[in-house]
Amino acid sequence: RTRRRRTRGRAGPARCGRPAGLADVTGCALVAGAVTSTRGDPLDGIEGSIRVGETCPCAGVTLQVDERGLFSATVYRQGGSADSARVTVVVQATASRYPRHVTGAPYFDTASVVLRFADVGSAPELSDVRLRIPLP
């Protein structure tokens, strides 16, 4: 479900930098991917996030999933020197056209991903995530 490859700035910065307002940034990692149905059709009307745990000295990220089901985000390491951390990528079918369970909860998928952080000034590694939402 996840693949790693080097990026040339297509999904995020070519080099890790310090965004304005985040002086304590020590590195970054890139996450990009696609959200499809179980048949492989791209889904739009999707909301998502990258949830971090105690092992990730970083802030969570809201994902912007476009009309082709694609997303990309930069996760910034704030303080600390950990070179990797496990995060969870979560996407939910939130558009009104998607059916819901009896409970009213949206259909969703998650993926656990180990991010490998590059230091500020270095080229970040890209984690490619493919998520499938099982719609009836």
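Above this note sits the structure.
The rules behind each value
- Residue numbering note: each chain is counted from 1, following its sequence as written.
- Local features are withheld for residues below a pLDDT of 70 in this predicted model, meaning they are given only at 70 or higher, and side-chain atom pairs are given and counted only at 80 or more; totals for whole chains, interfaces and linings count all residues.
- Processing note: side-chain calculations cover all non-hydrogen atoms of the structure and skip hydrogens and water entirely.
- Starting at the N terminus, helices and strands are each numbered in turn, a helix being any DSSP run of H or I of at least four residues and a strand any DSSP run of E of at least two.
- Throughout, a contact is declared for two residues whenever any of their heavy atoms are within 4.5 Å.
- Every accessible area reported is derived by Shrake-Rupley at a probe size of 1.4 Å, with residue values counting cover from the shown protein chains alone.
- For two strands to be treated as a pair, DSSP must find no fewer than two bridges joining them.
- Only the stretch in contact is used when fitting a helix axis, every axis being a line fitted to C-alpha atoms; angles between N-to-C directions are given from 0 to 180 degrees.
- Salt bridges, as used here, are contacts in which a Lys or Arg side-chain nitrogen is within 4 Å of a carboxyl oxygen on Asp or Glu.
- Working definition: with a 1.4 Å probe on protein chains only, accessible area under 20% of the residue-type maximum means buried, over 50% means exposed, and in between means partly exposed.
- We call a set of buried Ala, Val, Leu, Ile, Met, Phe, Trp, Tyr and Cys residues a nonpolar core when their side-chain atoms join them within 4.5 Å.

S.K.: Honestly, the overall build of the protein in this entry has me stumped. Any pointers?
M.R.: A tally of regular secondary structure across the protein gives 0 helices and 9 strands. The long-range share in the protein, meaning contacts at least 24 apart out of those at least 6 apart in sequence, stands at 72%. For the protein, the computed accessible surface area is about 7300 Å², with 48% contributed by carbon and sulfur atoms.

S.K.: Would you explain the sheet that holds strand E3 (residues 46–52) in this entry?
M.R.: Where strands meet in a sheet, backbone hydrogen bonds hold them as pairs that are either parallel or antiparallel. Pairing is antiparallel in the open sheet, where 4 strands are placed in the order E4-E3-E6-E7. Looking along the sheet, the strands with just one partner apiece sit at the ends: strand E4 (61–64) and strand E7 (107–116). Ignoring strand direction, the axes of neighbouring strands in this sheet form an average angle of 25°.

S.K.: Sorry if this is basic, but what is going on with the pattern of salt bridges here?
M.R.: In total, this model carries 5 salt bridges according to the counting rule given. Where Asp66 meets Arg68, a salt bridge forms, and the shortest distance between an N and an O atom there is 2.8 Å. Since its relative accessible area comes to 22%, Asp66 is described here as partly exposed. Two residues, Asp128 and Arg130, come together in a salt bridge whose shortest N-O distance is 3.1 Å. The exposure class assigned to Asp128 is buried, which follows from its relative accessible area of 3%. Classification of Arg130 by relative accessible area gives partly exposed; the value is 37%.

S.K.: Whenever I open this one, the nonpolar core confuses me. Can you help?
M.R.: As a rule of thumb, nonpolar side chains are buried together in soluble globular proteins. Grouped together as the largest cluster of nonpolar side chains are 29 residues, with contacts concentrated most on Ile46, Ile50, Phe71 and Val89. Those elements that place two or more of their residues in this core are strand E2 (25–37), E3, E4, strand E5 (70–78), strand E6 (84–93), E7 and strand E9 (125–133). Among all residues touching Val89, those that are not within four sequence positions of it are Val31, Ser49, Ile50, Leu63, Phe71, Asp109, Thr110, Ala111, Val113, Val129 and Leu131.

S.K.: Would you explain the pairing of E7 in this entry?
M.R.: Residues Tyr107, Asp109, Ala111, Val113 and Leu115 line the buried face of E7, whereas the alternating positions Phe108, Thr110, Ser112, Val114 and Arg116 sit on a face that is not buried. As paired strands, E6 and E7 are joined by 10 bridges and run antiparallel to one another. From the neighbouring strand, Ala85 faces E7, where its bridge partner is Leu115.

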